[in-house]
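Structural overview for review
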Amino acid sequence: ELFSNHFINTTNPYIDYLAYNTSKLRQKAIAAEINHAYSGYAWFSLGADEYHPYSQTGLGGWHLAITLVDSLSTLILTNQTQHVNGALWYISNHLTFETDISVFETSIRVLGGLLSSYALLPQHTILLERAVELGDLLLPAFNTTVGLNTGSYTLRSNSSKHQHESMTSVSEAL
């Protein structure tokens, strides 16, 4: 059962946001929830693409720290300074673009995450530098005979050879 009590965190004091009578209190409660959720990711699976809180494990099929990069703008907007600094450190020192990827997911979550975070923190030029690096690596995935990006692609930042797959999903075409 998807909505059974097994999946509801009944010990969480922030669960009913509407009970807070001011927007400031609601914002504080939501920021605390974001901190709680991201802390689990940072503690148990920093750098993984996905985090599974129930098992406290991370999966990293694409090895792009997708959750970290995709969450960064939210962390910035909710003043999660410690998490933002940790994410910036990870992006600067550990994020690599040498893997097989989904062009759609990588474009919206990693490239989009880097660019939106840079828009919020323009003093951190590493975000723009990494976005440009990734964008340059993604460009050949859009150079197809049908005019749609490939569905999957192999990124190789140290190689001029890029491997294309000939199929794409129209719903994922950018």
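Given the structure is predicted, the values throughout are model-derived calculations rather than measurements.

Observations concerning the nonpolar core
Among the nonpolar cores identified, the biggest contains 33 residues, and Leu68, Leu72, Ile91, Phe97, Val110, Leu114 and Leu155 are the most heavily contacted of them. Counting only elements with at least two residues in this core, the list comes to α1 (23–45), α2 (66–77), α3 (81–93), α4 (103–120) and α5 (125–138). Take this core: its biggest share by element is 6 residues, from α2. The residues touching Leu114, leaving out its near neighbours within four places in the chain, are Val69, Ile91, Phe97, Leu127, Arg130 and Ala131.

Section: the packing of α2 against α4
Two quantities define a packed helix pair, namely the angle between the helix axes and the distance between the axes. Between α2 and α4, the least distance of the axes is 8 Å, while the angle of their chain directions is 25°. Here α4 runs roughly parallel to α2, going by the angle between their axes. Between α2 and α4 lies a crossing whose hand is left-handed. Side by side, α2 and α4 meet where Ile66, Thr67, Val69, Asp70, Leu72, Ser73, Ile76 and Leu77 of the first sit next to Arg109, Val110, Gly113, Leu114, Ser116, Ser117 and Leu120 of the second.

With respect to α4
Over its 18 residues, α4 extends 24 Å from the first C-alpha to the last, a length consistent with the 26 Å expected when each residue adds 1.5 Å. Along α4, the sharpest kink reaches roughly 35°, centred on Gly112. Buried within α4 are the following residues: Val103, Thr106, Ser107, Val110, Leu111, Gly113, Leu114 and Ser117. Where α4 is buried, its residues meet α2, α3, β3 (100–102), α5 and β4 (152–154).

Considerations on the confidence of the model for the chain
Here the chain shows a mean pLDDT of 84. Residues at 70 or above account for 78%. For the stretch residues 1–9, pLDDT sits under 50, and the model shows 6 contacts to residues farther than four places along the chain or on other chains. Contacts from residues 157–165, a stretch scored under 50 in pLDDT, to residues over four places away or in other chains number 19 contacts.

Section: the packing of aromatic side chains
Aromatic rings considered in pairs are described by the distance between their centres and by the relative angle of their planes. For the structure on display, the rule yields 3 aromatic pairs. Ring plane angle 5° and centroid distance 6.5 Å describe the contact between Phe44 and Tyr51, whose orientation is recorded as stacked. We classify Tyr51 as buried; its relative accessible area is 18%.

The rules behind each value
Residues numbered from 1 in each chain as written. Predicted model: local features only at pLDDT ≥ 70, side-chain atom pairs only at ≥ 80, totals over all residues. Heavy atoms only, no water. Core = buried A, V, L, I, M, F, W, Y, C linked by side-chain atoms within 4.5 Å. Buried < 20%, exposed > 50% of the residue type's maximum accessible area, 1.4 Å probe, protein only. Helix = DSSP H or I, 4+ residues; strand = E, 2+ residues; numbered from the N terminus. Contact = heavy atoms within 4.5 Å. Axes fitted to C-alpha atoms, helices over the stretch in contact; angles between N-to-C directions. Parallel < 35°, antiparallel > 145°, perpendicular 65-115°, else oblique. Left-handed = near helix turned anticlockwise from the far one by under 90°. Expected span 1.5 Å × (residues − 1). Bend = angle between axes of the 7 residues up to and from the residue. pLDDT = per-residue confidence, 0-100. Phe/Tyr/Trp six-rings, centres within 6.5 Å; stacked < 30°, edge-to-face > 60°.

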